[in-house]
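# Structure assessment
Below are the chains, spelled out letter by letter.
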Amino acid sequence: MEIRSVHHIAIIASDYGRSRRFYTEVLGLQVIAETHRAERDSWKLDLAVPGGAQIELFSFPAPPARPSRPEACGLRHLAFAVADIEAAVAALRAAGVEHEPIRLDELTGRRFVFFSDPDALPLELYEA
C-alpha cells in the first residue's frame, strides 16, 4: 500500500447552516460542491482545503453528540497549517471565535492554538 496524502475529512454538523458559515466564512474554505440528498434528509458540502485535502461537511437528522472531554478514543482533532499564528488568531477573535492561549510545541519549536467548531469539534492552527 502506498498512501499519497489525506483526501478528505468527514464532519457531521448538528446545525448545517451554522457550520457551513463557520467553515466557509470564518475559516475561508472554498466550496467545491453542495448536494442535498433528499432520500437521507441530508446535505453534503465539499470544501477545498489548501494543499489538496477536502472536508466533507454533512447534516443528518438528530446526530448524536460527539464525546470529547475528557479525551475520547478516536480522532482527537483536526489541525490546519498557517503561516502566521498571530494573524490567524486575530482573525478568529474578529469572528468571535473563542480559543485557547497560543502554545509552543516543545518538540518542533512551532506555535499552535486550539479552538472549536460550532459542534465543539477540536480544531488546531499550527504555524508552519
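Computed from a predicted model, the values in this text were never measured in an experiment.

### Here we look at the nonpolar core
One finds Ile-11, Tyr-23, Ile-55, Leu-123 and Leu-125 to be the most contacted residues of the largest nonpolar core, which totals 26 residues. Of all the elements in the fold, those that place two or more residues in this core are strand E1 (8-13), helix H1 (16-26), strand E3 (42-48), strand E4 (54-59), strand E5 (78-82), helix H2 (85-94), strand E7 (111-116) and strand E8 (122-127). The element contributing the most residues to this core is H2, with 4 residues. Residue contacts for Leu-125: discarding those within four places in its chain leaves Phe-80, Val-82, Ile-85, Ala-88, Leu-92, Arg-111, Phe-112, Val-113 and Phe-115.

### Focus: the layout of surface pockets
Its boundaries defined by the atoms lining it, the largest pocket holds a volume of some 360 Å³. Lining the largest pocket are 14 residues; nearest its centre among them are Ile-11, Ile-12, Pro-64, Arg-66 and Asp-119. The leading source of residues in the lining of the largest pocket is E1, at 4 residues. Residue composition of the lining of the largest pocket, by class: 10 nonpolar, 1 polar and 3 charged. If you trace the second largest pocket, you find 14 residues lining it, with Leu-27, Phe-80, Ala-81, Val-82 and Leu-125 closest to the centre. Going through the elements one at a time, E5 and H2 are the ones with two or more residues in the lining of the second largest pocket. Split by residue class, the lining of the second largest pocket holds 13 nonpolar, 1 polar and no charged.

Definitions and limits used
Residues numbered from 1 in each chain as written. Predicted model: local features only at pLDDT ≥ 70, side-chain atom pairs only at ≥ 80, totals over all residues. Heavy atoms only, no water. Core = buried A, V, L, I, M, F, W, Y, C linked by side-chain atoms within 4.5 Å. Buried < 20%, exposed > 50% of the residue type's maximum accessible area, 1.4 Å probe, protein only. Helix = DSSP H or I, 4+ residues; strand = E, 2+ residues; numbered from the N terminus. Contact = heavy atoms within 4.5 Å. 1 Å grid on protein atoms, 1.4 Å probe; cavity = no way out; pocket = protein on both sides within 12 Å on 5 of 7 lines; lining within 4 Å. Points joined across faces, edges and corners; volume = space filled by probe spheres on them. Nonpolar A, V, L, I, M, F, W, Y, C, P; charged D, E, K, R; others polar.

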